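Inside the fold
Residue-level listing of the chains:
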Amino acid sequence: MDRTIETTRSRMYDALAEELTASGVDVSGVVESLKAQRVETPSWAYGNSGTRFKVFPQPGVPRDPFEKFEDAAQVHRHTGVCPGVAVHIPWDKVEDYGALRAHADSLGMSIGAVNPNLFQEEEYKLGSVCHPDPAVRRKATNHLLECVEIAKATGSDILSLWFADGTNYPGQDSLTQRRHRMLECLAEMYDAMPQQMRMLLEYKPYEPAFYHTDLADWGTALTMCQRLGERAQVLVDLGHHLQGTNVEHIVALLLDEGRLGGFHFNARKYGDDDLIVGSVNPFELFLIYVELVGAGPAAGDVAYMIDQSHNIEAKIEAMILSVTNLQEAYAKALLVDRTALEAAQRDGDVLGAHRLLLDAYSTDVRPLCARAREELGASPDPIAAFRASGYMEKIAQERVGGTQMSWT
Ligand code: PSV
Ligand code: MN
C-alpha cells in the first residue's frame, strides 16, 4: 500500500479517536462492534438482472452458483464482514449441495439464508401457498419442505420466505381464506424445521399483485409469526414500504416484540428499487441502526442481509459500496450519546435530543470503519483495493462461453 496514504489514514484515525475519546466514547469498543457485525450478500446480486424493459448483461457475470460464491468472496475479502451468501432456489439449484458447501468453505465462505422461489411457475398465477386449488398449495408446500432439506444440507439455519401471493381485483378471492391457507402451509413447514432453524417472513405491500398482497405489512407478517411459533420472525426489506412509512418505528416495535428476524437492506426512491443501500436514504439507515444499537442484546439474532439487483452498475463494486455504507451507518449509531439522549428525552428537550442524533450522524466515521476493516485483515479502502486487484478484468477474460446467470 502507498505509504503516504497509509500515514494520512492513520493520522485521520488518531485525530478522530482523540476527539471522540475526549467526549467519552469508547473508541476501541466501537471498532470491535464494527468488526463483529456480519452482513450476508445475496447470490442473485452477482447475476444479471434488469427491469421488465431490459436486462443489460455484463462481462464476467457468473455462469453457475459456484462462480457467484467466488464473486461474493471478493466482497468478503475487501470488507472482512461478508462471509455468508443467501441462495435462491431454484436459481441456485445444484446437483450436490455438499459440493457447493465445500466450495464455499474453500473460499472462507458459507451458505446463508435459503430463499424458496414460489413465483416463477405457471401454476402460481393465482398464488402459491394461498392458491385456491389445494394441489397447487401442495406443490408450493413441497417446495418449502425441499428448502428445509437444502438448509439442512448446506448448514444454513435461516429460511427466508417471500410470497408473490395476492390478488389484482376486489372479489377475486377470499382475503380471510387465503390467510388460513397460508397458515396451514407454513405450519407444515414450521413443523419440519429442526430446532435451530428460523423462518423469516418478508412482507411487501404490492407487486406483482396490485389489489392486495397476502403478507402486505409488518402486522400481517407478525400475526402470522405469532400463530406459527417463536422461530417464525419478521423480515424487513427496506424497499417494501409505501412512501413515507416510518421504517425505524417498525424496527423498534418488532425488536420489542422479539420478532425482528432480519433485514433485506437496499435503497428505494419510488418502489422496490433494490438500489445500493444508503444511496438514497442514508439518514433512515442510520435511524434504523440507532434502534438496533438501542435494543442491545434483543438485536442479537437479527440477520443482516442485503437484497439488491444491480442493473446498470458494476455488481461486485456495488455490493462493496453497500457494505461500507452499512458499516458507516452502524458506526454513527454507535456514537450516539445514549446517556445524554435519555436525559434530554426525560427533560422534554425536544431539539436537544434531536441534535444528539445529528451530532452522531454528522461525524465522519470513515477512519473508524477503515480501521475495523484493517484489523480484520480486509481493505481500509475496499473499492480502491478491489479496482486495483484486477479481478474484474480477470473474470471478464476467463468467463467466456456458458450461460450467464440471471433472475429469469
Ligand atoms: C421480492 O421483491 C424480494 O425482495 C424477495 O426478497 C425476493 O426473494 C427477492 O426480492 C428476489 O427477487
Ligand atoms: Mn427482499
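The structure under discussion appears in the preceding block.
None of the values given here were measured: they were computed from a predicted structure. (Residues numbered from 1 in each chain as written. Chains lettered and ligands numbered in written order. Predicted model: local features only at pLDDT ≥ 70, side-chain atom pairs only at ≥ 80, totals over all residues. Heavy atoms only, no water.)

1. Focus: the coordination of the manganese ion (ligand 2)
The coordination sphere of the manganese ion (ligand 2) contains the protein donors Glu-202 (OE), Asp-237 (OD), His-264 (ND1) and Asp-307 (OD), at a distance range of 2.1 to 2.2 Å. Given 6 donor atoms and angles of 70 to 165° at the metal, the environment of the manganese ion (ligand 2) is assigned as octahedral. Written as a sequence motif, the donor arrangement for the manganese ion (ligand 2) is E-x34-D-x26-H-x42-D. Residue Asp-237 is found in strand S8 (residues 232-237), and its partner His-264 is found in strand S9 (residues 260-265); the two are separated by 27 residues along the sequence. (Donors = N, O, S within 2.8 Å, 3.2 Å for Na, K, Ca; no water. Tetrahedral: all angles 85-135°; square planar, octahedral: opposite > 155°, others 65-115°. Helix = DSSP H or I, 4+ residues; strand = E, 2+ residues; numbered from the N terminus.)

2. A look at the site of ligand 1
Close contacts around ligand 1 come from Trp-44, His-88, Trp-91, Trp-162, Glu-202, Lys-204, Asp-237, His-240, His-264, Asp-272 and Asp-307, and that covers them all. Contacts to ligand 1 include Lys-204, whose side-chain N or O atom sits 2.9 Å from an oxygen atom. Contact with the protein chains covers 89% of the free accessible surface of ligand 1, which is 310 Å². The residue inventory of the shell around ligand 1, partitioned by class, reads 3 nonpolar, 3 polar and 5 charged. (Near = heavy atom within 4 Å. Polar contact = N/O pair within 3.5 Å; in protein donor to acceptor, adjacent residues only side chain to side chain. Areas by Shrake-Rupley, 256 points an atom, 1.4 Å probe, with all protein chains shown as cover. Nonpolar A, V, L, I, M, F, W, Y, C, P; charged D, E, K, R; others polar.)

3. Some words on the side chain of Thr-154
Of note, Thr-154 is situated in helix H5 (residues 134-154). Looking at Thr-154, its side chain comes within polar contact range of the main-chain oxygen of Ile-150, at 2.8 Å. Among the polar contacts listed, one links the side chain of Thr-154 to the backbone oxygen of Ala-151, at a separation of 3.3 Å. Among residues more than four places away in sequence, those in contact with Thr-154 are Tyr-97, Arg-101, Ile-111 and Val-114. (Contact = heavy atoms within 4.5 Å.)

4. Describing the packing of helix H10 (residues 315-334) against helix H13 (residues 366-375)
Taken N-terminus to C-terminus, the directions of H10 and H13 make an angle of 115°; their axes are 9 Å apart at the nearest point. Both H10 and H13 take part in a crossing whose hand is right-handed. Touching Thr-324, Gln-327, Glu-328 and Ala-331 of H10 are Arg-366, Cys-369 and Arg-373, all from H13. Its residues assigned to classes, the contact of H10 with H13 comprises 2 nonpolar, 2 polar and 3 charged. (Axes fitted to C-alpha atoms, helices over the stretch in contact; angles between N-to-C directions. Left-handed = near helix turned anticlockwise from the far one by under 90°.)

5. Comments concerning the pattern of salt bridges
Between side chains of opposite charge, pairing is possible as soon as their charged atoms come close. Here the structure, examined in full by the defined rule, presents 21 salt bridges. Notably, a salt bridge pairs Arg-399 with Glu-67, separated by 3.7 Å at the nearest N-O pair. Placement of Arg-399 in the segment after helix H15 (391-398) and of Glu-67 in helix H3 (residues 65-79) is noted, with a sequence separation of 332 residues between them. An identical accessibility class is assigned to Arg-399 and Glu-67; each is buried. Its salt-bridge partner being Arg-399, residue Asp-71 comes within 2.9 Å of it at the nearest N-O pair. (Salt bridge = Lys/Arg side-chain N within 4 Å of Asp/Glu carboxyl O. Buried < 20%, exposed > 50% of the residue type's maximum accessible area, 1.4 Å probe, protein only.)

6. Considerations on the nonpolar core
Formed by 108 residues in total, the largest nonpolar core has its most connected members in Leu-159, Leu-201, Phe-263, Phe-265, Tyr-289, Leu-292 and Leu-368. Ranked by residue count, the leading element in this core is H10, at 9 residues. Once you skip the residues sitting within four places of it in the chain, Leu-292 turns out to touch Val-251, Leu-255, Leu-260, Phe-263, Ala-299, Val-302 and Tyr-304. By size, the runner-up hydrophobic cluster in this structure holds 9 residues, among which are Ala-86, Ile-158, Leu-235 and Ala-303. (Core = buried A, V, L, I, M, F, W, Y, C linked by side-chain atoms within 4.5 Å.)

7. A look at the pairing of strand S4 (residues 158-162)
S4 sits mainly inside the fold: 5 of its 5 residues count as buried. Where burial is concerned, the two faces of S4 agree: the one with Ile-158, Ser-160 and Trp-162 and the one with Leu-159 and Leu-161 are both buried. Where S4 meets strand S6 (residues 198-202), 5 bridges bridge the pair, whose relative direction is parallel. Each residue of the ladder has a partner; that of Ser-160, found in S6, is Leu-200. (Pairing = 2+ DSSP bridges.)

8. As for a nonpolar patch on the surface
On the surface, a cluster of nonpolar side chains totalling about 330 Å² of accessible area is made up of Tyr-206, Phe-210 and Leu-242. By secondary structure assignment, the location of Leu-242 is in the loop between S8 and helix H8 (247-256). (Patch = residues over 30% accessible without salt bridge, like charges linked within 9 Å, V, L, I, M, F, W, Y side chains within 5 Å.)

9. Comments concerning the side chain of His-310
By secondary structure assignment, the location of His-310 is in the loop between strand S10 (303-306) and H10. Polar contacts involving the side chain of His-310 include one to the side chain of Gln-308, which spans 2.7 Å. Setting aside residues up to four positions removed in sequence, His-310 forms contacts with Ala-45, Ser-49, Gln-58, Ile-276, Lys-315, Ala-318 and Met-319.

10. Quick notes on the layout of surface pockets
When its volume is computed, the largest pocket comes out at roughly 1300 Å³. What lines the largest pocket is a set of 45 residues, among which Trp-162, Lys-204, Glu-207, Asp-272 and Trp-407 lie closest to the centre. Those elements that provide at least two residues to the lining of the largest pocket are strand S3 (110-116), S4 and strand S5 (166-167). Its residues assigned to classes, the lining of the largest pocket comprises 15 nonpolar, 19 polar and 11 charged. Its boundaries defined by the atoms lining it, the second largest pocket holds a volume of some 530 Å³. Around the second largest pocket, the lining comprises 29 residues; the ones closest to its centre are Arg-38, Gly-300, Val-302, Ala-303 and Tyr-304. (1 Å grid on protein atoms, 1.4 Å probe; cavity = no way out; pocket = protein on both sides within 12 Å on 5 of 7 lines; lining within 4 Å. Points joined across faces, edges and corners; volume = space filled by probe spheres on them.)

11. A short note on empty space enclosed by the protein
All told, the structure shown has 2 cavities of 30 Å³ or more when counted by the stated rule. Space inside the largest cavity adds up to approximately 80 Å³. Elements represented by at least two residues in the lining of the largest cavity include exactly H10 and H15. When the residues that make up the lining of the largest cavity are grouped by side-chain class, the tally is 7 nonpolar, 2 polar and 2 charged. Size it by volume and the second largest cavity reaches roughly 40 Å³. Around the second largest cavity, the lining residues are Trp-44, Gly-47, Asn-48, Lys-68, Trp-91, Met-405, Ser-406 and Trp-407. Of the residues contributing to the lining of the second largest cavity, the split by class is 4 nonpolar, 3 polar and 1 charged.

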